[in-house]
Amino acid sequence: MKLKDFFNTDSEVEVGEITQNSKLVVPGDIFFAIKGAKVDGNDFIDDAVSKGAVAVVSTEPAKKKYPVPYFQVDDIDLAMAKAAVKFYKNPSDDMFFIGITGTKGKTSISYLLESIFNEAGIPCSVIGTINYRINGEVFAKAPNTTPAALYLYYMIDKMRSAGTKVVIMEVSSHALELKRVFGLNFDVALFTNLQRDHMDFHKNFENYFAAKEKLFDSLIENSKPAKTAIVNIDDQYGLRLADKIKAKTTLIPVSLVEAENVKESLNGVTFSYKGESASINLLGKHNLYNAVFAVKAAMAYGVDLQTALKGIAKLQGIPGRMQRVNKGQPFYVFVDFAYTTESLMKAYETLEPYKNGNIITVFGCGGDRDRTKRPLMGLAACQNSSHVLLTNDNPRTEDQQQIFNDILNGMKGYTNYEIVQDRALAIKTGISLCKENDILLIAGKGHEDYQILAGKTIHFSDRETAETELEKLGYVQKQ
Ligand SMILES: CC(=O)N[C@H]1[C@@H](OP(=O)(O)OP(=O)(O)OC[C@H]2O[C@@H](n3ccc(=O)[nH]c3=O)[C@H](O)[C@@H]2O)O[C@H](CO)[C@@H](O)[C@@H]1O[C@H](C)C(=O)N[C@@H](C)C(=O)N[C@H](CCC(=O)O)C(=O)O
Ligand SMILES: Nc1ncnc2c1ncn2[C@@H]1O[C@H](COP(=O)(O)OP(=O)(O)OP(=O)(O)O)[C@@H](O)[C@H]1O
Ligand SMILES: N[C@H](CCC[C@H](N)C(=O)O)C(=O)O
Ligand SMILES: [Mg+2]
């Protein structure tokens, strides 16, 4: 493609790649300079040009005369997404796109859907929190749930070349707000729920909801047929959304009343759905929602009910989502990605029927993120546990003591906690406190295999740590 295909210019210069990272520039590339959270991409324009960039795009006026065309734009996120749509030739037009938004349930639904499409023999790819997968193979670890447009489109192009028929995508509110998914045509969009999170970024619930709604705006504006919205109407924001979009789109409501004969156990949930018996190997009623969402989304593509139900039944588990660590010890250990108040409450609700002793919770809160949830999580943990081990999560660049102080504000009046700052030690302590039938809940990091301490990333896994500690105590049973 030529430069004139992207910008208002008559330049015939051939474009190689489009990038926002000067380190990756090779001769022929267009460089997008982004003001980031850590550094300003505008400081790397000279670097990009010296490496052979053929054009520079920025929101800032040019600091000097560059030897290549310089385009000043109002909205760099939009400019990148538009360039990506052109460069990769509308890749979403060639595949069926399922976008999942909502505070909770996105990753779980994406796994359930992938399992259904595998069962149906339909090649599918997944973009989400844990990693990015192309037709079942891990393509890359996920730096973001929904990556920035240039990388996102690059990956979608690879999915198309690999013969993917269905792309299942978690669409975060950040992505919607920052236009990372601009230009993608979603065939089906899912809304799970809206709960307290990301207030650092959105400031209030209305803004947060407005960001989520954008997925459905794009659904309405796109030009493809079969525009379907699948919305949780048991959620107050879902109900509002459903009301707003019902005249313009095919609305499929989701409500738990559709699942009958629900029986929960530590192996999963069995239920009947539209007269068929169904099961999932995932714990808790929230996963029943996720299962119903997945079945409805797959059916919107054309998968039949029986195949969809077989697909959800085959999924054995999801990394870090209520995952049991079982080395044959006489108590229960669960790792869960509950890093918000509501998720923590869901975890306790799920475990309640099996409570035959104490519940001990290991948790902390991430730094450089929503502070409003911290006292609420502290309160929830104290209220629902016999003992809480307050520890670090990913403090990132924030002072750990400040994070503890925020959490402790919600724990006033409670004495059933102690601070064990080192997470491995907190897990070890939690295990040592467990007596027969007790439950240890290790919350907040789920699948994560790292910790970000003072800005540095080290390897860390709740699951591995728990397994190692259990093995040290002589428990060896294979999972
Ligand atoms: C706060 C935020 O959103 N940061 C995102 C941002 O990174 P950043 O702002 O720190 O970038 P930076 O390091 O300051 O660099 C700025 C620019 O300079 C460029 N640069 C830098 C150095 C150099 O030598 N040359 C150069 O050109 C960089 O390529 C970049 O374009 O751009 C990166 C690349 O696109 C993102 O990976 C990164 O997401 C970080 C990891 C992040 O944590 N984001 C969170 C807030 C987020 O987006 N979360 C949502 C929701 C998660 C959920 O589901 O709950 C998500 O979708 O992940
Ligand atoms: N449908 C749901 N409703 C409420 N809570 C849920 C639901 N599904 C999962 N959870 C809880 O939220 C946690 C994270 O689930 P999941 O990873 O599927 O959500 P997500 O939307 O992808 O979250 P994130 O934005 O952090 O990636 C789970 O471990 C569980 O505690
Ligand atoms: N995608 C979420 C994950 C948070 C996980 C938790 N362990 C934390 O670090 O706060 C975020 O980046 O806000
Ligand atoms: Mg997710």
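Residues numbered from 1 in each chain as written. Chains lettered and ligands numbered in written order. Predicted model: local features only at pLDDT ≥ 70, side-chain atom pairs only at ≥ 80, totals over all residues.

## Brief notes about the overall build of the protein chain
When helices and strands are counted, the protein chain shows 15 helices and 23 strands. A compact globule built from 479 residues would reach a C-alpha radius of gyration of about 23 Å, and the protein chain, at 24 Å, matches this within 12%. Along the first, second and third principal axes, the C-alpha atoms of the protein chain reach 75 × 55 × 40 Å. With 479 residues in all, the protein chain has 49% of them scored as buried. Contacts spanning at least 24 positions in sequence make up 68% of the contacts within the protein chain whose residues lie at least 6 apart. (Helix = DSSP H or I, 4+ residues; strand = E, 2+ residues; numbered from the N terminus. Rg over C-alpha atoms; globule rule 2.2 N^0.38 Å. Buried ≥ 20, exposed ≤ 12 C-beta atoms within 10 Å, placed from the backbone. Contact = placed C-beta atoms within 7 Å.)

## Examining the sheet that holds strand E10 (residues 188-191)
Spatially, E8-E7-E6-E9-E5-E10-E11-E12 is the arrangement adopted by the 8 strands of the open sheet, whose pairing is mixed. Two strands in the sheet have a free side with no partner beyond their single neighbour: strand E8 (137-141) and strand E12 (250-254). Here the average twist between neighbouring strands, direction ignored, is 20°. With 2 bridges joining them, strand E6 (residues 124-127) and strand E7 (residues 131-134) adopt antiparallel strand pairing. Its bridge partner lying in E7, Ile-127 is registered against Tyr-132. Helix H4 (residues 149-161) contacts E6, E7, E8 and strand E9 (166-170) of the sheet and is inclined by roughly 25° relative to E7. Helix-sheet contacts for helix H9 (residues 286-301) involve strand E5 (96-101), E9, E10, strand E11 (228-232) and E12, and the interaxial angle to E12 is about 155°. (Pairing = 2+ DSSP bridges. Axes fitted to C-alpha atoms, helices over the stretch in contact; angles between N-to-C directions.)

## Details of helix H10 (residues 305-314)
Within H10, the full set of buried residues consists of Ala-308, Leu-309, Gly-311 and Ile-312. Down the axis of H10, the buried side of the element spans an arc of 155°, and every buried residue falls inside it. Buried residues belonging to H10 abut helix H3 (106-120), strand E14 (268-273), strand E15 (276-280) and H9. (Arc of directions from axis to C-beta.)

## Notes on the packing of helix H12 (residues 373-384) against helix H13 (residues 400-408)
In contact at an axis separation of 6 Å, H12 and H13 are set at 60° when each is read in the N-to-C sense. It follows that H12 is oblique to H13 by the angle criterion. The handedness of the crossing between H12 and H13 is right-handed. Contacts between H12 and H13 involve Arg-374, Pro-375, Met-377 and Gly-378 from the first element and Ile-403, Asp-406, Ile-407 and Leu-408 from the second. Considered class by class, the residues forming the contact of H12 with H13 number 5 nonpolar, 1 polar and 2 charged. (Parallel < 35°, antiparallel > 145°, perpendicular 65-115°, else oblique. Left-handed = near helix turned anticlockwise from the far one by under 90°. Nonpolar A, V, L, I, M, F, W, Y, C, P; charged D, E, K, R; others polar.)

## A short note on the site of ligand 1
Taken together, 20 residues lie around ligand 1, and Gly-36, Lys-38, Gly-41, Asn-144 and Ser-172 are the ones closest in. Looking at which domains feed residues into the shell around ligand 1, each of domain 1 (3-74) and domain 2 (87-314) gives three or more. (Near = placed C-beta within 6 Å. Domains from an automatic or database assignment.)

## Thoughts on the UniProt feature "binding site: ATP" (unreviewed entry) in the protein chain
UniProt feature "binding site: ATP" (unreviewed entry): in the numbering of this structure it lies at Gly-102, Thr-103, Lys-104, Gly-105, Lys-106, Thr-107 and Ser-108. Structurally, the position occupied by Gly-102 is in the loop between E5 and H3. In this view, Gly-102 contacts Phe-191, Thr-192, Asn-193, Leu-194 and Lys-212; residues no more than four positions away in its chain are not counted. The class of Lys-106 is buried, set by 24 C-beta atoms lying within 10 Å. (UniProt positions renumbered as here; feature names shortened; annotations may be inferred.)

## Some thoughts on the environment of Asn-405
Within the secondary structure, Asn-405 sits in helix H13. Counting along the chain gives 30 residues from Asn-405 to Pro-375, while the straight-line C-alpha distance between them is 8.7 Å.

## Remarks on the sheet that holds strand E2 (residues 30-32)
Taking strand neighbours across the sheet as the criterion, the 4 strands line up as E1-E2-E3-E4 in an open arrangement whose pairing is parallel. For this open sheet the edge positions go to strand E1 (18-19) and strand E4 (70-72), each flanked by a neighbour on one side alone. Pairing of E2 with strand E3 (residues 55-58), which is carried by 3 bridges, proceeds in the parallel orientation. The residue bridging Phe-32 from the neighbouring strand is Val-57, located in E3. The strands touched by helix H2 (residues 76-87) are E1, E2 and E3; relative to E2, the strand with the most contacts, the crossing angle is about 150°.

## Digging into helix H15 (residues 462-472)
Three or more residues of H15 are buried, namely Asp-462, Arg-463, Thr-465, Ala-466, Glu-469 and Leu-470. Taken end-on, H15 shows its buried residues confined to a sector of 165°, consistent with a single buried face. Summarising the geometry of H15, the exposed residues directed more than 90 degrees from the buried face are Glu-471 and Lys-472. As for H15, its buried residues are in contact with strand E16 (323-324), strand E17 (332-336), helix H14 (423-433) and strand E21 (439-443). In the segment just after H15, Gly-474 is the residue with positive phi, at about 95°.

## Comments concerning unusual backbone geometry
Backbone geometry at Lys-179 places phi at a positive 55°, although glycine is not the residue there. Of note, Lys-179 is situated in the loop between helix H5 (173-177) and E10. Unusually for a residue other than glycine, Met-322 sits at a positive phi of about 45°. Within the secondary structure, Met-322 sits in the loop between H10 and E16.

## With respect to the site of ligand 3
Every residue near ligand 3 is listed here: Thr-145, Tyr-339, Gly-366, Arg-369, Asp-393, Asn-394, Gly-444, Lys-445 and Glu-448. Looking at side-chain class alone, the shell around ligand 3 contains 1 nonpolar, 4 polar and 4 charged residues.

## What about the domain arrangement of the protein chain?
Interfaces are often described in size by the accessible area the parts lose on coming together. Domain parsing of the protein chain yields domain 1 (3-74), domain 2 (87-314) and domain 3 (323-472). Taking the mean C-alpha position of each, domain 2 and domain 3 sit 28 Å from one another. Taken together, the contact pairs 13 residues of domain 2 with 14 residues of domain 3. For the side of domain 2 that touches domain 3, the class distribution of residues is 4 nonpolar, 4 polar and 5 charged.

## With respect to the confidence of the model for the protein chain
Per-chain confidence: the protein chain averages 95 in pLDDT, with 98% of residues scoring 70 or above. Both scores are given for the predicted complex: the pTM is 0.94, the ipTM 0.95. (pLDDT = per-residue confidence, 0-100.)

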